[in-house]
Amino acid sequence: MAETLLWVLPLVPTVTALLMLTTRKRILLSCLDIAGSAVLTVLTLVLACEVTDGGPRSLGVFRVDDLGLIFLLLLAVLTLAVSIYTVGWLKQALEVGNMKADSLRSYFALVHAFVATIVVTILADNLGILWIAMEGTTITSAILIGYHGHHHGLEAAWKYIIVTTIGISFGLFGTVIIYAAASHVMGSASSMSWAAIMSVAPKLDPGIVRIGFIFALVGYGTKAGLAPMHLWLPDAHSQAPTPVSALLSGVLIKCALLAIIRFQTIAAAACGTEFPQQVLLVFGLISVVVATPFILAQHDLKRLLGYHSVEHVGIIALGLGFGGTIGTYGALLHVVNHGITKALAFFAAGTAIARYDTRDMQAIRGLLTVAPIGATLLMLAALSLAGVPPFSIFISELMVLRAGIGQGDWVSITIFLLMVVIIFAGLLHHAGAMVFGEPTAAASREPEARSPLLAMLLLAVIMIVLGLTIPASFDGHLKRATEVIVD
Amino acid sequence: MNIATVHSIIDDLGALLLFTMILIVAASQISRAIYAVATQSLFIALAGAVLATATGNVDLWVIAGITLIVKAMVLPWLLHWVVRRMDVKREVEPVIPDMATLALAVVIVVMSFHLSASLGSVRQSITGNALPVGIALTLNGVLVMATRKTALSQMVGLFAAENGIFFTAMAVTEGMPLIIEIGVILDVILAALVMTIMVLRVRSTVDADIADLDRLRG
Amino acid sequence: MSGDRTLLLVLFEMILLVLLGPLLTGIIQKLKARLQSRQGAGVIQPYYDLIKLLNKGTVQADTASGFYRSIPVLVLVATVAAGALIPVVRAGPPAFPLGDALMLLGLLSLARFLTAVSALDAGGAFGGMGASREMTIAPLVEPVLMMVVFSVALSAGTTELGALEAHRGSSWILSWNAADFLGLAAMLVLLPAETGRIPVDNPDTHLELTMLHEGMLLEHSGPGLGCMMLASHTRQIVTLGLAAALFFPIGPVDTGATGFLLGAGAFVVKILVLAVYLALVESSYAKLRLFQVPQYLGIGFVCALMALALRIL
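Residues numbered from 1 in each chain as written. Chains lettered and ligands numbered in written order. Predicted model: local features only at pLDDT ≥ 70, side-chain atom pairs only at ≥ 80, totals over all residues.

Moving on: the overall build of chain B. Helix and strand counts for chain B come out as 7 helices and 0 strands. Whereas a compact globule of 218 residues would reach a radius of gyration of roughly 17 Å, chain B reaches 18 Å, a difference of no more than 12%. Seen through its principal axes, chain B has C-alpha atoms that stretch 55 × 35 × 30 Å. Considering chain B as a whole, with its 218 residues, one finds that 56% of them fall into the buried category. (Helix = DSSP H or I, 4+ residues; strand = E, 2+ residues; numbered from the N terminus. Rg over C-alpha atoms; globule rule 2.2 N^0.38 Å. Buried ≥ 20, exposed ≤ 12 C-beta atoms within 10 Å, placed from the backbone.)

Printed below as a string of structure tokens:
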């Protein structure tokens, strides 16, 4: 059963995408969209149960373990939320003219093709397939980012495809080097399978693995948005259609992190945990520090969220860099928390932007008066992103911090805390100014659309629940995933 | 063929590859860069064929054939088509001066030889100096992508970088598994197509060159 | 001191080079004309030009110093002396102390320096401009040529061309290694620059905007100009001979008459191949703008540097 699911899962979005090409009706497309996402979610939950009972499964080039499952769950939930959100968003976008009715099916099909490549990325056991799927996500999402077809969108898309392709070339190079080291040990039975390489990892030549890991980290780190390779991220996240922004920020950059984690485990087994952790720590700190000034000085709402993603990817890298059970657990939890929260933030920002028809935060005022629910959700998302208890991000940031204290790495902790406090102030200042005050005359006072609210509520509930308590089954996945990495 | 002959042939091909790479870095006209990258792919295919004969590895024949058809013929043809279609007036447009780029290219080559010294133990005796050449090609391809403003030059850089990775893979492991290599080539083709579409789209919708897109900052 | 090449042989080779120099120019001109679908002058036209010039009187600028008249002779002597260092019909070290490839390059740049000095001495505007341009490009060409020489010399452990050629024996392309390819590539890039041809210089024109080498000769006349012309013909064949000696060394060590003829024949073939290359380049490329020349030469520089690096690493 579980083995079958492994090849069914990537097929679901693929088939959905193909089906979408057969129709032009908006209602039908939206139904297909939601149905496809729902099936994906249900199957993912089934797979999660199977893996809980029977441990990791593999089939050909695919393999699922608890580590992959966490990312898969995040993907499924966000895809579903995006599908629901798209219904209302699309209606508005069509009215304004941001989207064109006759090219809708290609948009929907691309979104699902994008999801399909992400699923393959998560399930891939073969490092080569992982790379191919990762480049596939670049290709599909590049078109989506430039989908609006205006000057800025196309520029962001071009920057995205060039920068990430440069980066991902390094990733392939690192993969080749690690594969070379592995086939040197494995001899004729050489394969690019992560599980197979892990089984011989302690025997690999540490020097070579080190170089391979650096290349892979820089490569997939570009895709993950780690500074200083983050140049594409704010542009792409701000210019893409809002649902795509949510997917990019919520899932895609996390999948690149999954790839980094895969290489990190190999490197840790081959040349000790110290080396990969140090490297991740440095990149994490750079990301957090680089993102801060841009967040403070930002005027563009979606760009602000983009830079915020850089910061949080940095925090995840810090968690992995501090290492240990707590740090790794915290990092994985942060992956989920940030994914959910950031998607919520993008949704709320998207509706606010549509209402005011501007992305300039200084022009968005008094959201609470014109759209009370949306404003509340935006404020909740901002509070959570800033790391206020009792929201989920607070918990995971605390865990990362705890791991750092356990390591006794005071310099990193000081920098980390300082930046988090500054960003806290900056973000709440921006959010407060938007939500409260007198609404500007340009603000539309239409009632709030239902489907975006539904999607946002879904995410907000998950966000709050994860902040209050972590469900036992999910906790089990996280713990076993931590073991995969820490061992 | 005995080992020594293969060794020296691969070495010589490596030198020719480096030469084509220098031509790409130094090219002041986009069509010359395209010819250079096509020649480079041809040499990669030749290297694959030589290794295939030497090791009796059928996969390598397939890879050599695909490289020859796709990278030495189809993709350069595509690029030439775009050049004609767009009536390219602005040729290469480097971000930093050409001489600086060339100097960087030299630094990269020397560094690659250094780096490969520390990768000594995975080097296969049969492929000799292929590893540093592969690294140098990859990094120089990236250099071209990073230091050129025009879309076509960046695509040429991408192809050169992929060539470098292929050559590295041949150098260290006699090639990656066939299915992976095919997947990688497929990705490159798709990326090239998407980039081409984007270039044409930028031209048709906002009437600008990719090089003019520089409004997003901060 | 024992060696393979006697004084007599070296002198003979030197004279042969000087005599064949104008013929080579004639051949290249003819080839170019043919490639451009023209009839072209006969291959011995340069000889006629030289004889004509030697029979003419000399006119000299008023501003020129007394040194001016002797410069053409000095340039010719330096160039011809450089020719003595090129092995033509036979490989192997010389039997008496003779300079090496560095000496050759030094003599060539001495000749170039004297030419530039004479152009400045005459006081003409074009001469000064030509000299300054030539001296802008020369520092880019010469070090690279030197690097190419070193990259080959490293494999033999000597910079003496005869010995170098003998060491490399009759090695052919298959036994070349990577450094040879890059070195040859650098050499091929440099040849048009060193012989004053397109895309760096244009030998056919006296248009003030394009000329480099010709600009420096404008003030010379009569036998002086003849000497200068002969020197540049010789310089061309010497440069090609250097390239041939470095990269296509098929000079037999056999001392008999057959060996002699074979060596001479091989030399002619090698020079002709390079001549065809030059003619092809001249016909298919346009002259570069002056400030693009450094970039063009940069390709040669990078190739030479990598050839050198490959030899050392």
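Looking now at the overall build of chain C. Helices and strands together make up the secondary structure of chain C, namely 11 helices and 0 strands. Helices and strands in chain C line up, N terminus first, as α-α-α-α-α-α-α-α-α-α-α. Taken over the C-alpha trace, chain C has a radius of gyration of 19 Å; the compact-globule value for 313 residues is 20 Å, and the two agree within 12%. Dimensions of chain C, computed from C-alpha atoms along their principal axes, come out at roughly 55 × 40 × 40 Å. When burial is assessed residue by residue, chain C has 51% of its 313 residues classed as buried. At a minimum sequence separation of 6, the contacts of chain C that also span at least 24 residues come to 82%. (Contact = placed C-beta atoms within 7 Å.)

Time to look at the nonpolar core. Counting residues in each nonpolar core, the largest one holds 383 residues, and the members touching the most others are Leu344(A), Leu182(C) and Cys303(C). By residue number, the principal contributor to this core is helix H10 (residues 242–271) of chain A, which donates 21 residues. The contacts of Leu344(A), once residues within four sequence positions are left out, are Leu377(A), Ala381(A), Met456(A), Leu459(A), Ala460(A) and Met463(A). (Core = buried A, V, L, I, M, F, W, Y, C linked by C-beta atoms within 7 Å.)

Quick look at the interface of chain C and chain B now. One frequently used descriptor of interface size is the decrease in accessible area upon assembly of the parts. At the interface, 16 residues of chain C touch 21 residues of chain B. Among the elements of the structure, helix H7 (178–194) and helix H11 (293–312) of chain C are those that each provide at least two residues to the side of chain C that touches chain B. If one sorts the elements of the side of chain C that touches chain B by residue count, H11(C) sits on top with 9 residues. Of the residues contributing to the side of chain C that touches chain B, the split by class is 13 nonpolar, 3 polar and no charged. (Nonpolar A, V, L, I, M, F, W, Y, C, P; charged D, E, K, R; others polar.)

Mapping Val109(B) onto the fold places it in helix H4 (residues 98–118). A residue is classified by how many C-beta atoms lie within 10 Å of it, and Val109(B), with 25 of them, is buried. For the pair Val109(B) and Ile135(B), spaced 26 residues apart in sequence, the C-alpha separation works out to 8.1 Å. Among all residues touching Val109(B), those that are not within four sequence positions of it are Leu18(B), Ala136(B), Met306(C) and Ala309(C).

Take the interface of chain B and chain A next. Taken together, the contact pairs 36 residues of chain B with 37 residues of chain A. Only helix H5 (130–147), helix H6 (151–173) and helix H7 (178–206) of chain B provide two or more residues apiece to the side of chain B that touches chain A. Among the elements that take part in the side of chain B that touches chain A, H7(B) stands out by supplying 13 residues, more than any other. A class-by-class count of the residues in the side of chain B that touches chain A yields 24 nonpolar, 9 polar and 3 charged.

Residues and elements named next belong to chain A. Between helix H1 (residues 2–20) and helix H4 (residues 104–123), the least distance of the axes is 7 Å, while the angle of their chain directions is 170 degrees. Judged by the angle between their axes, H1 and H4 are roughly antiparallel. Two secondary-structure elements touch here, H1 through Leu 6, Leu 9, Pro 10, Pro 13, Thr 14, Thr 16, Ala 17 and Met 20 and H4 through Arg 105, Phe 108, Ala 109, His 112, Ala 113, Val 115, Ala 116, Val 119, Val 120 and Leu 123. In the contact of H1 with H4, the residues fall into 14 nonpolar, 3 polar and 1 charged. (Axes fitted to C-alpha atoms, helices over the stretch in contact; angles between N-to-C directions. Parallel < 35°, antiparallel > 145°, perpendicular 65-115°, else oblique.)

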